[in-house]
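A structural walkthrough
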Amino acid sequence: GDMPLDIQVALLRVLEERIVYPIGADKGVPVSCRVIAATNQDLLQAVKEGNFRSDLYYRLNVLNIRIPPLRERREDILFLAAYFCRQYGRKMSDLDPQIREMFLSYPWPGNVRELKNTIERLVCFSSGGPITRELLPDEILAFQQTADLTLSEACGLSEQEQIKKALSETGHNVSEAA
């Protein structure tokens, strides 16, 4: 999604001709490959805006799998948290129940990577002891503080904080939050 147009041309040429020209080489090297690409961009929109070549888009768009963000699959949060806890030698039961509740209400803008890093942080800072709420990153703690307010209490918050609160309360339904 962020590939410059000149590189898109080069990739398209490789896919069509099945030949790669190493830098400084006169002869091409035949290749047989498949491309697995991932992006968080709307490529069809990028094609319409002229930022992505339509011929490359249709060449690559054979099998499209949309993986929804973590905030849209709340049922996966605790499963993934338990998995990451095991990766770092801890059990899900080591996490304070309050942390698990906070995990479910937090929107995870960094998706699974953010969850994994949060678990790693908790394990590192706990030094083998109990994993408590105080060990959470500031952004999760700050989010929880605003999430605990009622909408009338939130009126004193900045506009950005009010928007985040409204989105959180409506399950990120923009129309309903508006």
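Here, every reference points to the structure presented above.
The numbering scheme is per chain: residues are counted from 1 as the chain's sequence reads. Local features in this predicted model are restricted to residues whose pLDDT is 70 or higher, and side-chain atom pairs enter the listing and the counts only when it is 80 or higher, whereas totals over whole chains, interfaces and linings include all residues. Calculated side-chain values reflect all of the structure's heavy atoms, with hydrogen atoms and water omitted.

Let's talk about the overall build of the protein
- Per the convention used, a helix needs a DSSP run of H or I reaching at least four residues, while a strand needs a run of E reaching at least two, with both numbered from the N terminus. Counting secondary structure elements, the protein contains 10 helices and 2 strands.
- Counting from the amino terminus, helix and strand elements in the protein follow one another as α-β-β-α-α-α-α-α-α-α-α-α.
- A radius of gyration in this sense is built from C-alpha atoms; the matching globule rule multiplies 2.2 Å by the number of residues raised to 0.38. In terms of C-alpha radius of gyration, the protein reaches 23 Å, well past the compact-globule figure of 16 Å for 178 residues.
- With respect to the principal axes defined by its C-alpha atoms, the protein has extents near 65 × 45 × 30 Å.
- For the protein, the proportion of its 178 residues judged to be buried stands at 27%. Summary of the burial criterion: residues with accessible area below 20% of their type's maximum are buried, those above 50% are exposed, and those between are partly exposed, where the area comes from a 1.4 Å probe applied to protein chains only.

A few points about the side chain of Glu114
- Looking at the element boundaries, Glu114 is found in helix α6 (residues 111-126).
- Comment: no salt bridge for buried Glu114; closest opposite-charge side chain is Arg71, at 8.4 Å.
- A distance of 2.8 Å separates polar atoms of two side chains, one belonging to Glu114 and the other to Tyr106.
- Working rule for contacts: check all heavy atoms of both residues, and any pair within 4.5 Å makes them a contact. Excluding anything up to four places from it in sequence, Glu114 contacts Tyr106, Trp108, Pro109 and Glu139. Working convention for charge: Lys and Arg count positive, Asp and Glu count negative, and His plus the chain ends are omitted. Just to be clear on terms, a salt bridge is a Lys or Arg side-chain nitrogen sitting within 4 Å of an Asp or Glu carboxyl oxygen. Polar contacts, as used here, are pairs of N or O atoms within 3.5 Å; protein pairs need one atom able to donate a hydrogen and one able to accept it. Residues neighboring in sequence count only if both atoms are side-chain atoms.

Overview of the layout of surface pockets
- A cavity here means a set of 1 Å grid points, computed over protein atoms only, where a 1.4 Å probe fits but cannot escape. A pocket is an open set with protein on both sides within 12 Å along at least 5 of 7 lines, and lining residues have an atom within 4 Å of a point. Grid points are joined across faces, edges and corners, and a volume is the space filled by probe spheres set on the points. Volume-wise, the largest pocket comes out at about 1,500 Å³.
- What lines the largest pocket is a set of 40 residues, and nearest its centre among them are Ala37, Ala38, Thr39, Leu63 and Ile65.
- Counting residues per element, the ones that place at least two in the lining of the largest pocket are α1 (5-17), α2 (43-48), α3 (54-60) and α6.
- Throughout this entry, Asp, Glu, Lys and Arg are counted as charged residues, while Ala, Val, Leu, Ile, Met, Phe, Trp, Tyr, Cys and Pro are counted as nonpolar. The remaining residues, Gly among them, count as polar. Classifying every residue of the lining of the largest pocket gives 23 nonpolar, 9 polar and 8 charged.

Re the side chain of Thr118
- Relative to the elements of secondary structure, Thr118 occurs in helix α6.
- Exposure remark for Thr118: the relative accessible area of 4% places this residue in the buried category.
- Setting aside residues up to four positions removed in sequence, Thr118 forms contacts with Phe103, Trp108, Leu136, Pro137 and Ile140.

Some words on a nonpolar patch on the surface
- Note on patches: the residues involved have over 30% relative accessible area and no salt bridge, like charges join within 9 Å, and the nonpolar side chains Val, Leu, Ile, Met, Phe, Trp and Tyr join within 5 Å. Here the accessible surface of atoms and residues is derived via Shrake-Rupley with a 1.4 Å probe, and residues count as covered only by protein chains that are part of the display. Judged by side-chain polarity, Val62, Leu63, Ile65 and Ile67 come together as a nonpolar surface patch covering roughly 520 Å² of accessible area.
- Relative to the elements of secondary structure, Ile65 occurs in the loop between α3 and α4 (77-87).

Re the packing of α4 against α6
- Note on definitions: angles span 0 to 180 degrees between N-to-C directions of axes, and those axes are lines fitted to C-alpha atoms, for helices only across the stretch in contact. With their axes 9 Å apart at the nearest point, α4 and α6 run at an angle of 45° to one another. By the angle class used here, α4 and α6 are oblique. Seen from above, α4 lies across α6 with right-handed handedness. Contacts from Ile77, Leu80, Ala81, Phe84, Cys85 and Gln87 in α4 reach Val112, Leu115, Lys116 and Ile119 in α6.
- Of the residues in the contact of α4 with α6, the class split is 8 nonpolar, 1 polar and 1 charged. Orientation categories follow fixed angle ranges, with anything under 35 degrees roughly parallel, anything over 145 roughly antiparallel, 65 to 115 roughly perpendicular, and all other angles oblique. Here a crossing is called left-handed whenever its near helix is offset anticlockwise from the far helix by less than a right angle, and right-handed whenever the offset is clockwise.

Focus: the pattern of salt bridges
- Considering all chains together, one arrives at 5 salt bridges under this definition.
- Glu16 is the salt-bridge partner of Arg59, the closest N and O atoms lying 3.7 Å from each other. Remark: Glu16 occurs in helix α1 and Arg59 occurs in helix α3; sequence separation between them is 43 residues.
- In this structure, Asp76 engages Arg73 in a salt bridge whose closest nitrogen and oxygen atoms are separated by 3.1 Å.
- Overall, Asp76 belongs to the partly exposed group, its relative accessible area being 23%.

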